[in-house]
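Residue-level listing of the chains:
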Amino acid sequence: MAIDVRRGSPTEEELAALIAVVSQEYAAESAEAVADDRPTRSAWSVSQRGLRRPLRRDVGWGRFAG
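Basis of the calculations
- Residues numbered from 1 in each chain as written.
- Predicted model: local features only at pLDDT ≥ 70, side-chain atom pairs only at ≥ 80, totals over all residues.
- Heavy atoms only, no water.
- Salt bridge = Lys/Arg side-chain N within 4 Å of Asp/Glu carboxyl O.
- Patch = residues over 30% accessible without salt bridge, like charges linked within 9 Å, V, L, I, M, F, W, Y side chains within 5 Å.
- Areas by Shrake-Rupley, 256 points an atom, 1.4 Å probe, with all protein chains shown as cover.
- Helix = DSSP H or I, 4+ residues; strand = E, 2+ residues; numbered from the N terminus.
- Buried < 20%, exposed > 50% of the residue type's maximum accessible area, 1.4 Å probe, protein only.

J.: Can you help me understand the pattern of salt bridges in this one?
T.: Oppositely charged side chains can form a pair if their charged atoms are brought close together. This model, assessed by the stated rule, comprises one salt bridge. Note that Asp 4 is salt-bridged to Arg 6, the shortest N-O span being 3.3 Å.

J.: Sorry if this is basic, but what is going on with a nonpolar patch on the surface here?
T.: The grouping of Ile 3, Val 5, Leu 18, Ile 19 and Val 22 at the surface amounts to a nonpolar patch, some 370 Å² of accessible area in total. For Leu 18, the position within the fold is in helix H1 (residues 12-32). Here Leu 18 falls in the partly exposed class, since its relative accessible area comes to 43%.

See the structure below:
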């Protein structure tokens, strides 16, 4: 890690404190910034129609009893 001091003259202790704080915050942020691994619905599955209900096998082919 390189630090370029543009103004002032920080002491070694101040630079060490800065590095510690920035490193801690970076580690915390990178631990929280994870991608969601849950599968998302594709455009194909969103646009397709739902499947029809299965046929009832207990009901005959006609509504009459012959």
